[in-house]
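Architecture at a glance
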Amino acid sequence: VESWQNAQEARYVRLTLPNRATARPVPEIELVDMRGRRPGNPLADELVTALRKTIDAGEQAIVLYNRRGYAPVVECSGCGATYSCPSCGVGSLVYHQRQGRLRCHYCGFRREYEKDCPACNTPLNVMGYGTERVAEALSQVFPDTTITRMDADTTQGRGAHQRILEEFRAGRSQILVGTQLVAKGHDFPGVTLSAVVGVDHVLLMPDFRSAERTYGLVTQLAGRAGRGNRPGRVILQTRHPDHFVFSHVGPDTPLDAFYEAEAKQRKLLSHPPFA
């Protein structure tokens, strides 16, 4: 939005790409209202059905959840203790099941995970979701399907990033799960379904740019579907389907519409680029 405002005021030169690189149009975005759904399951029935149709047709899907790890919160149900980072104190330690560790995504601190609370010996609860847990849920629903995960944890080794993309491009994997890394300009003709499992934790961040980041993330991911000979489909799960940002995503809404709505709100609240 700041850059857009600079272009409006002739500080920047605005260059527009009005046409998609591929012949097919950007698919419509289907909102799935997650309110009232049973807790503990990150996958809506509508998404499971769409994924099954995609896999049965020999096509591929990209599933985005912009939070890595297995679960962002670990809590003791007995004494209520939680794991906050003792090094930087910024946030909670995130549980990484595969590594068996708790990690701080801010400063990098890590410690071994214990199933029982060290204070009162009560079994610990893991709460919330990360890409690791979403991939696990998909594997339980589609046990015979090859699922690849792409996030900062799986791309640490040399060449890992390219190897994951090449495996998916070659069709050896049917579902690619990951953080915003999976939305960044990839061109996979076999992908006909893009899905955002959860975007609310981005939308509800205490940051005046949260709506803009949500808009950008959803718009980027929508562009990954239907780039080949077959039309694409985009599914977005949210508990806030009435939020104004979702009325401005999709191919039929001009980019100016989101900017105007967001800029109006920022001006009223004295947020950048107006302050």
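Before reading further, recall that the structure is shown in the block above.
One structure accompanies this document, and this report is about it. (Residues numbered from 1 in each chain as written. Predicted model: local features only at pLDDT ≥ 70, side-chain atom pairs only at ≥ 80, totals over all residues. Heavy atoms only, no water.)

Attention now goes to the side chain of T145. Here T145 is to be found in the loop between α3 (131-141) and β8 (147-150). T145 sits in the buried class, given a relative accessible area of 16%. Setting aside anything within four residues of it in sequence, one finds T145 in contact with I55, Q174 and I175. (Helix = DSSP H or I, 4+ residues; strand = E, 2+ residues; numbered from the N terminus. Buried < 20%, exposed > 50% of the residue type's maximum accessible area, 1.4 Å probe, protein only. Contact = heavy atoms within 4.5 Å.)

On to the state of the cysteines, then. Inspection of the entire model under this criterion finds zero disulfides. The thiol of C88 is unpaired, and the distance to the nearest cysteine sulfur, on C104, comes to 3.7 Å. Exposure remark for C88: the relative accessible area of 30% places this residue in the partly exposed category. Among the cysteines around C120, which has no disulfide bond, C76 carries the closest sulfur, lying 3.4 Å off. Taking the relative accessible area as the measure of exposure, C120 reaches 32% and is therefore partly exposed. (Disulfide = S-S within 2.5 Å.)

Our focus in this paragraph is the environment of R35. Turning to its location among the elements, R35 is positioned in the loop between β1 (29-33) and α2 (45-56). Beyond its immediate chain neighbours, meaning those up to four positions away, R35 contacts R239, P241 and D242. Polar side-chain contacts of R35 include one of 2.6 Å to the side chain of D33. (Polar contact = N/O pair within 3.5 Å; in protein donor to acceptor, adjacent residues only side chain to side chain.)

Quick look at the packing of helix α6 (residues 210-222) against helix α7 (residues 255-269) now. Packing of α6 against α7 brings their axes to within 11 Å, and their N-to-C directions diverge by 165°. By the angle between their directions, the pair α6 and α7 is classed as roughly antiparallel. Read as a crossing pair, α6 and α7 show a hand that is right-handed. Together, A211, E212 and Y215 of α6 and L255, F258, E262 and R266 of α7 make up the contact between the two elements. Split by residue class, the contact of α6 with α7 holds four nonpolar, no polar and three charged. (Axes fitted to C-alpha atoms, helices over the stretch in contact; angles between N-to-C directions. Parallel < 35°, antiparallel > 145°, perpendicular 65-115°, else oblique. Left-handed = near helix turned anticlockwise from the far one by under 90°. Nonpolar A, V, L, I, M, F, W, Y, C, P; charged D, E, K, R; others polar.)

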